[in-house]
Every structure is written in structure tokens, then in C-alpha cells.
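# Observations on chain architecture
Spelled out, the chains give:
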Amino acid sequence: MKKTVVYACIMAAMAMTSLHAHAQARMKLVNIDRPGVGLNDPTPVQSVGGNPGKTLGQQRLIAYQYAMDIWGALLRSSSEIRVEASFSPLECAPGRIVLGQAGTNSRVWADAIFPDGAYDYTYPIAMADALAGYELRPGENHIMSFFSSEVDQPACQALGANGWYYGLTGDAGGNTLGRSNFLNVIMHELAHGLGVEGVAMLAGSWGLRVQKSPWDEQAWSNIYSMNYNQFEMSADPRLAEAITADGETVWKGRQATRTAGLLAEHRRLLITRSPALQRHDYQTVGFGDQRLDAILGEIVLVNDVVGPDGVDMHTGCDGSDGQPAISNAAALAGKVVLVDRGGCEYGLKALNAQRHGAIAVILANNVPTSVLRVGGGTFGRQVNIPVITVTQGVGAALRVGSPMLVSGFIEDPKRFYGLDSGGYPRLYTPSDYQQGSSFSHIDTDMTPNALMEPAINRSLRADVAIDVTLDLLEDMGWPTNRNGTAMLGNCDTTVPVYRDSFIPGANLVAQNNLCRASSQGNRSQQMRCMNDHISSLHAQTLITPLEVAKARQCVARI
């Protein structure tokens, strides 16, 4: 499921203080909100999704600490990573609602870390400290992060925002209103602060690179057969083309490529008959009914009332935004409705078709780009029929022949969502460059959805699964605890911190810290809290019976 609410990546900061060598990383929250607001909001709330906080601020702090403890268990560093956090009025506009922003506050030249380090190669400060084995810039906070204070406000919700959800166990059960999962967003933004962000960018019409980085080293342009560190310093027109070539920048790192290959699903094709059988590529969207198998039956092209120029743009805007009304509204009932791009929000087009009885909507591009990426905008939440998008070429094919029937879907055994023909995961490089999103995320085509896509989606479970995100950091050179096990004090639970994209051990460490803090010294309460959680992990098949037994032994020693 793809949603229009987006993350953004900005430049931020990191540093650390000494612990023992090769320890799990320790992350510390630096709360920069004023008293009474954001992370300090005293509004009383009920516990939700395993989050026991009694005020809004407490629930936000608990979720943030939980995410930091997960990341700390996954990474290795002898320095403390200090993370600034605040709630701020981030962008909330039609079609674009920013939930969070984060990144590394500073970067370190390689020659300050390694004796023979390249003079033009930089690392995010947290990664630099981890590699150096000590704090390079004592006293500096290391990750800067901001989260939207707007999404809970009526004005922003009128534009499509749906507020925050502060549960710690995914959306199932507690998040009945479909709110944005705060823990998932924190996990995403912390990854940006740790280094999941590109240095190359588009400045006006020029590609710009002022330094090299480990991210850019692994990012590969299929157009130019080179990594992004190999483009010219300063302005390079080839870089401008590469960074806006949709689907043509991939990740060449070994670990992320391996995991993406294991996770990626076979691409499905739309089957039509008119009467000849045809197969078409399509894209999913983040609104409407996600059960696409309901897209069956006759395709009807929406027609607009034709103006003096005699041109029908097939917008389906039905009188809104200065566009003409739909002229064949009665013909849409019970049909799969084809609508062209342009004139009004995509969510409104789908909603108009739904109001006239359509059973599904196909949105067609009206320009010859490879992919039509859409969001629900202000009206997407009201759409409850399936919606997909197609290219201009496919849209043209779907209006040729009468009747044109959708007869189902079929898997392509040789193609996978989110991967290029060589099996490498695609990075997000849309043709319309998006500052803070382009080149610093996994492509939205990835299925199942990935944590580091630029848009949040409800299928994520960043509390227990991290897909390729840890792999991205490890490919860059981050020391990780991939082969470690969860330690409760000095007791080894044998539960792997990481196992094939799942993170049961890291989750167990975070939960133990939460149970200890919330029990306030009550040993029996802490043990009950942990044993209940261990049972939950086992019920989700995240840990084995033997791991359950060993983890309970460790809990008994608390």
C-alpha cells in the first residue's frame, strides 16, 4: 500500500561519547521542545498498542526511546549517539504532508578517520565515530530530527492528514483510524540520520556533487554505468539526467541486493481482452481498496462536457477546479473507469467515479513518462474502490477496442517489483526531482513495502522487521550487530538481533528497557511485562520455542 504522506531527509548532526569497544550503540534523546508542547505535551491519554504513557508527551518519548533502543541493538559503536528531537509545524499542503525530517548534522572527511582516507570523501558523523572508535567532535549532538505537529490539527487533516498513532506493536488492532505510525516514522528518520541519504543533488537544472560519500558509492546509474561518486565534482549535466531518470538508479551493495532479492514479489500484469488478450504494467496507489482482484469487467473511458475548443481531456473532475462536468456519468455505473491525468487531484477523480457507481478506477498518465506516481490528496480517504495507474501508452491501449474487458491479473515470473533487470534494488529518482526525497530512498515500486520508501504505508512493522534498511547501512560500511543475540543484562537469550530482515532480538532489548522503566522497580511487574511480550513474539512466529525458553530464563534472573 502506498500513501501520499511523505518523509523528508535533511542534513542533520551526530557524535558520540566513549563506551567499550565494539559495544552495541547507545542512543540518547536530546529533547529540544519547550515545556508543555511536543515531547512535553501534558494532555492526558489512554495507553495504546503497548505504549503505557499517560500523557501525549510521555507516549511520544516512549516511542522515540523504543526506536533508539532498536537501532542501538542493531549497530555497533563505542560512542554515544545523541539525537535531537522536536515537534515542529512541518509542511502540510494539498498532495504533500511531511511527517518527519532528519539527517546527519555534520559530515567528517575520511582523512580524519583513516590515515590514508580520501580528501574528498565524507562520512556522517555517527558513522565516522563508529569507524574511528572514539568521539571525533566531543559535545556535538549528532542527529537532528523533527516531527509534524500539524497532522493532528483540523486544517491539516482537511488536506488528508490523519494524525499520529503511538502504539509500539504495529497497526493491527489498535490503529483503527488509520493514523500515521509514529514508531515507523522515527525508525525511518533515524536511518537518515545514521547515513541513509545521498550527497548528490539537483540544483536548478544542474547535477551537483561537492563531495563523495559511502551512500553515493553504492548508488549506480544504469544510464551511465557508473556510481554517483564518479560523476564530476561541482556541476555535471550527466548527473542531472541520472538523478531524474525514473527507475534507472540502483543500489549495488551486496547485502541490500541479497535481501531485496529474497523479499521482492513477482510483478503482476493487468490482463485485458478486446477480444485479443493483452498484458499491461500498472502501479498501485496508497488510497482506495487494496484488493485489486476486484478490478474486473468492462472499461469505460470517462468523457467530459466538451467546451468551445471541442477537445475532451477526460479529466473526470466533474465540475471542480474549473474543469467541465462528466458527460457520460450514467455509463460509469458498474464499470472499471479510465480517467486521464490533469485538472484536479487524483483522489477527487477516483471519488467522482465512485460517486457515479464505478467499481474501480484506472488513472492514465497524459505525458510519456514511465511511471505515474499519485497520492490521494484531500479526497483519497473517501475512496473505497480499487485504484491503479498506468502509463500514457497503456492508457492509449485501454481505450482501443469495444468493449475492452479487464479479465484479471497474472504474475510475470521473470520480473520483480522494485528491482531492475539485474536484480538490483531501485532507488527513488522520479523524473520530477523532489528535494529531500529523491536519491535518498528506496523506490516506491518495491513490494512488499520498504521502510525507506519516501511515503509511509500501513503494512510496515518497523518494531519487528526492517527489510533492507540495516543492509543499506552495512553496505555503506557501518559496523553492525547483525550476528549478535539479545542480551538481558549479562544473560544471553540466544534470540538473534537480526534474522533475515526481522529483528526479534533488537525488539526484545527495546521491550526490556521499556518494561524496566515502566515497572518503576517492581520486579514482578517487569517480569510479567517481559514474559507477555515473549509470548507475543512467539505467537507471531518471530522466535522459536527454544528461544522462548532461554529468554524466559533470562527474565527470571532480572
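Residues numbered from 1 in each chain as written. Predicted model: local features only at pLDDT ≥ 70, side-chain atom pairs only at ≥ 80, totals over all residues. Heavy atoms only, no water.

## Here we look at the pattern of salt bridges
Using the following cut-off: In the sections that follow, a salt bridge refers to a side-chain nitrogen of Lys or Arg positioned within 4 Å of a carboxyl oxygen of Asp or Glu. Runs of E in the DSSP output that reach at least two residues are strands. Runs of H or I that reach at least four are helices, and both are numbered from the N terminus. Burial classification: accessible surface area is computed with a 1.4 Å probe over protein chains only, and a residue below 20% of its type maximum counts as buried, one above 50% as exposed, and the rest as partly exposed.
Per the stated rule, a full pass over the model turns up 21 salt bridges. One salt bridge connects D152 with R60, and the closest N-O pair in it is separated by 3.7 Å. One end of the pair, D152, is in the loop between strand 8 (143–148) and helix 3 (154–157); the other, R60, is in helix 1 (residues 56–74), and 92 residues separate them in sequence. With a relative accessible area of 32%, D152 lands in the partly exposed category. On the accessibility criterion, R60 (5% relative accessible area) is buried. For D463, the salt bridge goes to R461, with nearest N and O atoms at 2.8 Å. Using a relative accessible area of 2% as the deciding quantity, one classes D463 as buried. The structure contains a network of salt bridges with shared partners spanning R26, E80, R82 and E135.

## A few points about the state of the cysteines
For the record, the criterion: Any two cysteine sulfur atoms lying within 2.5 Å of each other are counted as a disulfide.
Here the structure, examined in full by the defined rule, presents four disulfides. A disulfide bridge connects C317 with C344, and the sulfur atoms are separated by 2.2 Å. A torsion of -100° about the S-S bond marks the disulfide between C317 and C344 as left-handed. Here the residue C317 occupies a position in the loop between strand 20 (297–301) and strand 21 (336–340), and C344 occupies one in the loop between strand 21 and helix 8 (346–355), the gap between them amounting to 27 residues. The same class applies to C317 and to C344, which are both buried. One disulfide bridge connects C491 with C554, the sulfur atoms lying 2.0 Å from each other. The sign of the S-S torsion, about -70°, decides the handedness of the disulfide formed by C491 and C554: left-handed. One end of the pair, C491, is in strand 26 (residues 491–496); the other, C554, is in helix 13 (residues 545–556), and 63 residues separate them in sequence. With cysteine numbering restricted to those in disulfides and following the sequence, the protein chain has the pairing 1-2, 3-4, 5-8, 6-7.

Interpretation note: all reported values are geometric properties and have no functional meaning in isolation.
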